[in-house]
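Examination of the molecular architecture
Spelled out, the chains give:
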Amino acid sequence: MSGCDPFAQTQRSKLQHRRARINQQINKEMRMRAGAENLFRATTNNKVKETVALELSFVNSNLQLLKEELEELNSNMEVYQTDSEAVNVPMIPLGLKETKEVDFTVSIQDFICEHYGEDSSLYDKEIKELMELRQAMRTPSRNQSGLELLMEYYNQLYYLDQRFFPLHRNLGVHFHWYDSLTGVPSCQRTLAFEKGSVLFNIGALYTQIGARQDRSATAGIDKAIDAFQRAAGAFNYLKENFSNAPSLDMSSPSLCMLVRLMVAQVQECVFERVTLTTQDTHFTSQLRLAQEAARVSDVYLLVQQTMTQPLMKDYVPFSWASMVQVKSEHFRALSHYYAAVALCDHTLSAEEEEEEEGDEEAEKAFLQFYINVPAGPPLSQVLRDPEKRRKLGKAHLRRAVIRHEEAMRVHSLCKILRKMDILQDVLSLTHKRSLDKYSELDREDDFDETAEAPEIQSQTHQKPDITPPNFSTVQVTDIFQQLGPLSVFCARARWGPVRVICLQRREGGLGLTLRGDSPVLVAGVVPGGCAAEAGLREGDYIVAVDGQDCKWAKHGEVVHMLKSCSDRGVELSVVTLHSHDTQADRRAVMLSHSSDKENSRQRLLGGAKGQSSASLLNWNRKKKREGSGVTKRLGSTFSLSFGSIRDTEAMY
């Protein structure tokens, strides 16, 4: 797979290029500020202090300007919206986290030589493939292929961690990522940070895919719902499985806010679908629309409250907070409008009057419509009196107009939202519609002051789901599988150097017992036999026969190779596994599903220690472990657990 052409001049790529440039400038200014602050603290010369203080104020001013420029870019929602001419309220997408290039070459080569005792030049192709995959992952296309590319790299990181990241040391590779909203750089050597950042980008890409859907038809709405639910699932998975994030965008409060924002956007799409599929003007249908709109307003109000929390207040772009507040007011206004339509436009037909069932259904729906029963005549009486219904409908419209005007006021305060013509159109059209309806109901003899309309009970027929990421949808093959089966040849395992054993067949055979596959294990050695005299030990793994690699060989294949040996004998290359790093069991957590042999169950993954003074991004330890391949003790060695050991164990 490959990413987007980084030089293709699409609107979105131009936006990402500008983001990357600003991120680099912010990084440079922050380094200058850190140096100036150190000098200010260290010097005792007042003149130098004055000069440094002036320089600091200049740097801080530059940083503020850069952050404002970045915020404006992050608030640029129109680039990610659909090209459809349908008038839909824009959705809030998230820009991808930027990252610097990473060169794995020297670190992986050194580890292969030192830990695996192999010629690292044999793995140049694999190292190049890994680096090309990471480079492509930096610019994913805004579709399913882009998601699969990110997921492929994310799954490949599992193998990378197992192969090259032992618990007691790190590989020495630095991962640089920029905060999605502020551009503040973070650098760590732990692979968990890389994984978390890629997972964040999976969620961000889903938000962009959701925002670009044409929501003028149900098919587009359903795609948008699916994308936003998956975005919420990715951010929620990140929140639950990572802790102590070094950047604010991956902190728990930020992820909580993003999950709620995605859920609110799903609820908005549900309302759009209900509006689209409700062609009739029946009383209960209009009540349902009013309650759906009230639910959308409620969830956006919850997002607004989350955005005003201490940590988030100065972090979330002003345009996001404004958009959320506008939507909360807008949909509250719509709920009152549809309530008025239900009360004033609906008349019982002669057929319905004969059918008590329809009448009862309408009355039941109306009795459950409000949060609190309003003062005055009973609702059942209001329902049967056209004049009372008109007055209540007028009260709802009055509240609708007030809410519309508040939405327009908040909209006018934000420079970025004012540039969004489509949002302006939606707010103006709905405001005018409510005003026209109010004028239609208003009468000259209405001397009574309009009563206050009661609050509408929010309700939805489809609650949003938070869809967790399904890593098994993208199956990957371990790039470094040539090193051997991961259960033995991994960074957590320790074994002795490769020993070459020369065996000469005698009348009694080779004098050894084999069992298992990939790699085949020496389960026993006959005392005084050929194998024992040659130095073969119980617990050795056979990695080559006569120079032919057999780390991945099946039991039968190795047996065939041994039986086919000539009179001159056979050379076995073997290793002895001393131990696995048992700390992994205590410090690890579950990782992704994948259906191939090496990753058929959820695996355990431990976080590596980094050098940052800030808390590292660690795997959450609350998760309960599920079944995984557990090693069994065999004398002073370890062996693999096999499904049917007795069937494959035999003397040779």
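Residues numbered from 1 in each chain as written. Predicted model: local features only at pLDDT ≥ 70, side-chain atom pairs only at ≥ 80, totals over all residues. Heavy atoms only, no water.

**Comments concerning the overall build of the chain**
- For the chain, the count of helices and strands is 21 helices and 16 strands.
- The burial tally for the chain puts 52% of its 652 residues in the buried class.
- Within the chain, counting contacts between residues at least 6 apart in sequence, those at least 24 apart form 78% of the total.
- Put simply, the chain shows about 30300 Å² of open surface, and 49% of that area lies on carbon and sulfur atoms. (Helix = DSSP H or I, 4+ residues; strand = E, 2+ residues; numbered from the N terminus. Buried < 20%, exposed > 50% of the residue type's maximum accessible area, 1.4 Å probe, protein only. Contact = heavy atoms within 4.5 Å. Areas by Shrake-Rupley, 256 points an atom, 1.4 Å probe, with all protein chains shown as cover.)

**Section: the side chain of Glu272**
- Take Glu272: it is sitting in helix H8 (residues 252-277).
- Leave out the neighbours within four places in its chain, and Glu272 touches Asn88, Arg215 and Ile221.

**Things to note about the side chain of Gln267**
- For Gln267, the location among the structural elements is in helix H8.
- A polar contact of 2.9 Å, which involves the side chain of Gln267, links it to the side chain of Thr460. (Polar contact = N/O pair within 3.5 Å; in protein donor to acceptor, adjacent residues only side chain to side chain.)

**So, the pattern of salt bridges**
- For the coordinates displayed, the defined rule picks out 26 salt bridges.
- The residue Glu329 makes a salt bridge to Arg403 at a minimum N-O spacing of 3.0 Å. Residue Glu329 is found in helix H11 (residues 318-345), and its partner Arg403 is found in helix H15 (residues 386-413); the two are separated by 74 residues along the sequence.
- With its nearest N and O atoms 3.7 Å apart, the salt bridge here joins Arg399 to Glu452. (Salt bridge = Lys/Arg side-chain N within 4 Å of Asp/Glu carboxyl O.)

**Details of the confidence of the model for the chain**
- Chain-level statistics for the chain give a pLDDT mean of 80 and a share of 80% at 70 or above.
- Helix H7 (residues 218-241) holds the highest mean pLDDT among the elements of the chain, 96, whereas strand S15 (residues 637-639) holds the lowest, 33.
- This model gives residues 349-354 a pLDDT under 50, and the stretch forms three contacts once residues within four places in sequence are excluded. (pLDDT = per-residue confidence, 0-100.)

**Some remarks on the packing of aromatic side chains**
- In this structure the tally under the stated criterion is 17 aromatic pairs.
- With a centroid separation of 5.8 Å and an interplanar angle of 80°, the aromatic rings of Phe111 and Phe164 are classed as edge-to-face. Of this pair, Phe111 sits in helix H3 (residues 105-116) while Phe164 sits in helix H5 (residues 144-164), placing them 53 residues apart in sequence. Each member of the pair, Phe111 together with Phe164, is buried.
- Ring geometry for Phe369 versus Tyr370: centroids 5.0 Å apart, planes at 70°, classification edge-to-face. Here Phe369 matches Tyr370 in class, with each residue buried.
- A cation over an aromatic ring shows up here: Lys551 above the ring of Phe489, its NZ or CZ 5.9 Å from the ring centre. (Phe/Tyr/Trp six-rings, centres within 6.5 Å; stacked < 30°, edge-to-face > 60°. Lys NZ or Arg CZ within 6 Å of the ring centre and 35° of its normal.)

**Quick look at the packing of H3 against H5**
- H5 packs onto H3 with a crossing angle of 45° between their chain directions and a minimal axis gap of 11 Å. The pairing of H3 with H5 is recorded here as oblique in orientation. The residues of H5 that touch H3, namely those facing Ile108, Phe111, Ile112 and Tyr116, are Leu160, Arg163 and Phe164. (Axes fitted to C-alpha atoms, helices over the stretch in contact; angles between N-to-C directions. Parallel < 35°, antiparallel > 145°, perpendicular 65-115°, else oblique.)

**Notes on unusual backbone geometry**
- Residue Pro519 is bonded to the preceding Ser518 through a cis peptide linkage, with omega at -5°.
- The residue Pro519 is located in the loop between strand S6 (512-515) and strand S7 (520-525) in this model.
- We note that Ser518 has phi near 40°; this positive angle belongs to a residue other than glycine.
- With respect to the helices, strands and loops of the structure, Ser518 is situated in the loop between S6 and S7.
- On the basis of relative accessibility, which here comes to 5%, the residue Ser518 falls in the buried class.

**Details of H15**
- Along its 28 residues, H15 runs 41 Å from first to last C-alpha, staying within 8% of the 40 Å computed at 1.5 Å per residue.
- Where H15 begins, the capping side chain belongs to Asp385, and its oxygen is found 3.0 Å from the backbone nitrogen of Glu387. (Expected span 1.5 Å × (residues − 1).)

**Let's talk about the pairing of S6**
- In S6, alternate side chains face the same way, and those of Leu512 and Leu514 on one face and Thr513 and Arg515 on the other are all buried.
- Where S6 and S7 come together, four bridges link them in antiparallel fashion. Note that in S7 the partner of Leu514 across the bridge is Val522.
- Connecting S6 to the next strand, S7, in antiparallel fashion are four residues, including Gly516 with a positive phi near 80°. (Pairing = 2+ DSSP bridges.)

**Considering the pairing of S7**
- Most of S7 is tucked away: five of the six residues are buried.
- Two elements, S7 and strand S8 (residues 540-545), share two bridges in a ladder whose sense is antiparallel. By the bridge assignment for S8, Val520 is matched with Ile542.

**Comments concerning the environment of Ala395**
- As for its placement among the helices and strands, Ala395 is situated in helix H15.
- For Ala395, a relative accessible area of 2% translates into the label buried.
- Separated by 43 residues in the primary sequence, Ala395 and Tyr438 place their C-alpha atoms 9.1 Å from one another.

**A look at the state of the cysteines**
- For the structure on display, the rule yields zero disulfides.
- With no disulfide of its own, Cys502 has Cys530 as its nearest cysteine by sulfur position, at a separation of 9.9 Å. (Disulfide = S-S within 2.5 Å.)

**A few points about the environment of Ile92**
- Mapped onto the fold, Ile92 is located in the loop between helix H2 (46-74) and H3.
- A residue is classified by how much of its surface remains accessible, and Ile92, at 1% relative accessible area, is buried.
- Considering only alpha carbons, one finds Ile92 and Gln208, 116 residues apart in sequence, at a separation of 8.3 Å.

**Some details on the packing of H11 against helix H17 (residues 421-441)**
- Remark: H11 packs on H17, axes separated minimally by 11 Å, with the N-to-C direction vectors making an angle of 30°. Classified by the angle their axes make, H11 and H17 are roughly parallel. As H11 runs across H17, the sense of the crossing is left-handed. For the pair formed by H11 and H17, the contact residues are Met323, Val326, His330, Leu334, Tyr337, Tyr338, Val341, Cys344 and Asp345 on the first element and Leu423, Val426, Leu427, Thr430, Arg433, Ser434, Lys437 and Leu441 on the second.
- Split by residue class, the contact of H11 with H17 holds eleven nonpolar, three polar and three charged. (Left-handed = near helix turned anticlockwise from the far one by under 90°. Nonpolar A, V, L, I, M, F, W, Y, C, P; charged D, E, K, R; others polar.)

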